[in-house]
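# A structural walkthrough
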Amino acid sequence: MKELVMVFDTNGTSKMTISIDNPKEEITLSDVQAAAEKLIPILITSSGAEITALNKASIVTTQTEVLE
């Protein structure tokens, strides 16, 4: 399974992480940055901190192995 993980900076000391399952195969950093710019004005942490910028983005791939 693949997952897009975006880490955002806040106006406090915390960070906010958003994970999106199954991102499109050909996604680029510029695609993620454009989406982040749309998300930043509407995101807020559970403690009330505002999101200020995208810190990093990565694709995480996991593999599941069933034990028998």
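Structure: see above.
Residues numbered from 1 in each chain as written. Predicted model: local features only at pLDDT ≥ 70, side-chain atom pairs only at ≥ 80, totals over all residues. Heavy atoms only, no water.

## A short note on the nonpolar core
L4, M6, F8, M16, V32, A36, I40, L43 and I51 form the largest nonpolar core, which has 9 residues in total. Counting residues per element, the ones that place at least two in this core are β1 (2-10) and α1 (29-39). If you tally residues by element for this core, the top one is β1, at 3 residues. Aside from chain neighbours lying at most four places away, what touches L4 is I18, S19, I20, P23, I27, V32, S58 and I59. (Core = buried A, V, L, I, M, F, W, Y, C linked by side-chain atoms within 4.5 Å. Buried < 20%, exposed > 50% of the residue type's maximum accessible area, 1.4 Å probe, protein only. Helix = DSSP H or I, 4+ residues; strand = E, 2+ residues; numbered from the N terminus. Contact = heavy atoms within 4.5 Å.)

## Points about the pattern of salt bridges
Enumeration over the complete set of coordinates arrives at 3 salt bridges. E25 serves as the salt-bridge partner of K2, at 3.3 Å between the closest nitrogen and oxygen. Here K2, found in strand β1, pairs with E25, found in the loop between β2 (15-21) and α1; they are 23 residues apart in sequence, far enough to count as distant. Across the salt bridge formed by D31 and K24, the nearest N and O atoms sit 3.8 Å from each other. Exposure remark for K24: the relative accessible area of 46% places this residue in the partly exposed category. (Salt bridge = Lys/Arg side-chain N within 4 Å of Asp/Glu carboxyl O.)

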